[in-house]
Amino acid sequence: QVGTAALVHRIVQMADHTYLIFVEGVSRVRVRNYTQIDPFMRAMVDPLADAIPHANDFEVQGLERSVAKLFAEVVAQSPNISDEVRAVVTDIDDPARLSDIVAAHLPSLSTMTRQQMLETLDVLERLHILNGALAKEKQVLDVRNRIESQVETQMGANQLEYVLREEMKAIQKELGDQDDGARE
């Protein structure tokens, strides 16, 4: 029942006859009633306003900083998020906009969590949800990076051993030490 009113910037028809649509979210809306279902849905909607906490609320400021910091760390470790997004996020001073931009660019958020954030008008609650999701994503990325590092280290050791064995074979061949005992 809650969605986003959006401005359509561009529509591109793909080779497989699907469409790629570039939109900009304008506001949250609640569906009052559907006026049409086929061939596409159309509805009467009411705009929803964010419940923005007081600007001097220390909890909001702390959560804003935490979300921005965790998002920057996730972007640094994730190949799926561009560095330009991190730059945009660091310049945002509105907690509602910060939560919306970060949520839009965090690919690990489930559809349910995205809908939950869309339906949550309390900005402080949205920041809490996002902070928890970012902390979880950072832990997952830390584990992934640690595993990749271990695999690279192991592969490096195996490759070094292979190279040394090949060099030893070449040296033995040059020295003429190819009897059965030397091979073993």
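All values derive from a computational prediction rather than experimental measurement.

(A) Spatial organisation of the overall build of the chain. For the chain, the count of helices and strands is 6 helices and 3 strands. Counted from the first residue to the last, the chain has its helices and strands arranged as β-β-β-α-α-α-α-α-α. For the chain, the C-alpha radius of gyration of 27 Å lies well beyond 16 Å, the compact-globule estimate for 184 residues. With the principal axes as the frame, the chain shows a C-alpha extent of 90 × 50 × 25 Å. Residue burial in the chain is summarised as follows: out of 184 residues, 25% are buried. When contacts within the chain are restricted to residue pairs at least 6 apart in sequence, those whose partners lie at least 24 apart make up 49%. Of the roughly 13,100 Å² that the chain leaves accessible, carbon and sulfur atoms contribute 55%. Of the charged side chains in the chain, 19 are positive and 30 negative, and the gap between their average positions amounts to 4 Å.

(B) View of the pairing of strand β1 (residues 2-13). Bridge count for β1 against strand β2 (residues 19-36) is 11 bridges, and the pairing is antiparallel. When the sheet's bridge partners are listed, Val2 is paired in β2 with Arg30. Two successive antiparallel strands, β1 and β2, enclose a turn made up of 5 residues, where His17 displays a positive phi of approximately 70°.

(C) Here's a closer look at helix α5 (residues 123-175). Helix length check: α5, at 53 residues, gives a terminal C-alpha distance of 76 Å against a target of 78 Å (1.5 Å per residue), a fit within 8%. The residue sitting at the N-terminus of α5 and contributing the capping side-chain oxygen is Asp122; that oxygen lies 2.9 Å from the backbone nitrogen of Leu124. Just past α5, the residue Gly176 takes up positive phi, approximately 80°.

About the cut-offs
Residues numbered from 1 in each chain as written. Predicted model: local features only at pLDDT ≥ 70, side-chain atom pairs only at ≥ 80, totals over all residues. Heavy atoms only, no water. Helix = DSSP H or I, 4+ residues; strand = E, 2+ residues; numbered from the N terminus. Rg over C-alpha atoms; globule rule 2.2 N^0.38 Å. Buried < 20%, exposed > 50% of the residue type's maximum accessible area, 1.4 Å probe, protein only. Contact = heavy atoms within 4.5 Å. Areas by Shrake-Rupley, 256 points an atom, 1.4 Å probe, with all protein chains shown as cover. Lys, Arg positive; Asp, Glu negative; His and termini not counted. Charge placed at Lys NZ, Arg CZ, Asp CG, Glu CD. Pairing = 2+ DSSP bridges. Expected span 1.5 Å × (residues − 1). Polar contact = N/O pair within 3.5 Å; in protein donor to acceptor, adjacent residues only side chain to side chain.

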